[in-house]
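# A structural walkthrough
Single-letter residue listing:
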Amino acid sequence: MENTTSTEQSRNYRNFELKATRITDFELALVPGLAQTPEYAYETLSALRVGDREEDIEAWVGLRMSRQAILARKHPPELHWILTELNLRQPIGGGKIMSRQVQHLAELAERPNITVNVIPATVAAHAGLEGQFVIMEFAVDPTVVYVEDKTTGLFLDDDAKVARYRLTVEKLTDVTLDAKASLRMLRSIATDLGRE
């Protein structure tokens, strides 16, 4: 997600992300930005940022990669990524790039602070069909939910709206594979894509 539509939104998102102690990211079509490889990030940003020049795309890729420094902190945030199998099998950039991306995601899923749950393709309807979102929780500050579309990004902190997104996470988790089965699926998908 975090295809933030302006530099101000990008700065705000990054500030929230840096302070978060727990981040839950549901992605309907993409791999979370914090888990993206440079090649995958380039392919997705090139497709999504329709009005940007090549140098702009490169700058956005660099920014996305720099955000991943939070994963190497002494006390990184707890991360919960919920993805769809269909998303992971879509060969963005071709089979080899996507295979490396899914393998990287599998490696991240082995870290103690990161949980990846995959919604199998056999689950046709689920609570996330309306689109992706990120829930960021903090040690002291109120929880924030971030949602966006092509031109707008919203930071929601209203208790009722946050509760609705938390319930959506519960409903999504009910239909995902558990962490171990999700990891096995990630490795299997990476192998399948690597053959293409």
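For the structure itself, consult the block above.
The structure reproduced in this document is the subject of the present report. (Residues numbered from 1 in each chain as written. Predicted model: local features only at pLDDT ≥ 70, side-chain atom pairs only at ≥ 80, totals over all residues. Heavy atoms only, no water.)

For the protein chain, the count of helices and strands is seven helices and six strands. The C-alpha atoms of the protein chain give a radius of gyration of 16 Å, which matches the 16 Å a tight globule of 196 residues would have. Along the longest, intermediate and shortest principal axes, the C-alpha atoms of the protein chain span 45 × 40 × 35 Å. Buried positions account for 47% of the 196 residues belonging to the protein chain. (Helix = DSSP H or I, 4+ residues; strand = E, 2+ residues; numbered from the N terminus. Rg over C-alpha atoms; globule rule 2.2 N^0.38 Å. Buried < 20%, exposed > 50% of the residue type's maximum accessible area, 1.4 Å probe, protein only.)

To continue, consider the packing of helix α2 (residues 38-48) against helix α5 (residues 95-109). Relative orientation of the contacting elements α2 and α5 amounts to 120°, with a least axis distance of 9 Å. In terms of their interaxial angle, α2 and α5 are classed as oblique. Between α2 and α5 lies a crossing of left-handed hand. Along its contact with α2, which presents Glu39, Tyr40 and Glu43, the element α5 presents Ile97, Met98 and Gln101. Per-class residue counts for the contact of α2 with α5 are three nonpolar, one polar and two charged. (Axes fitted to C-alpha atoms, helices over the stretch in contact; angles between N-to-C directions. Parallel < 35°, antiparallel > 145°, perpendicular 65-115°, else oblique. Left-handed = near helix turned anticlockwise from the far one by under 90°. Contact = heavy atoms within 4.5 Å. Nonpolar A, V, L, I, M, F, W, Y, C, P; charged D, E, K, R; others polar.)

For the rest of this paragraph, the subject is the pattern of salt bridges. Overall, the coordinates contain eleven salt bridges when judged by the stated rule. Linking Arg53 and Asp56 is a salt bridge whose minimum nitrogen-to-oxygen distance equals 3.2 Å. The class for Asp56 is partly exposed, based on a relative accessible area of 23%. Between Arg89 and Asp192 there is a salt bridge; the shortest N-O distance is 3.2 Å. Remark: Asp192 occurs in helix α7 (residues 179-194) and Arg89 occurs in helix α4 (residues 85-89); sequence separation between them is 103 residues. (Salt bridge = Lys/Arg side-chain N within 4 Å of Asp/Glu carboxyl O.)

One can find Met65 in helix α3 (residues 54-67). Once you skip the residues sitting within four places of it in the chain, Met65 turns out to touch Gln36, Thr37, Pro38 and Ala41.

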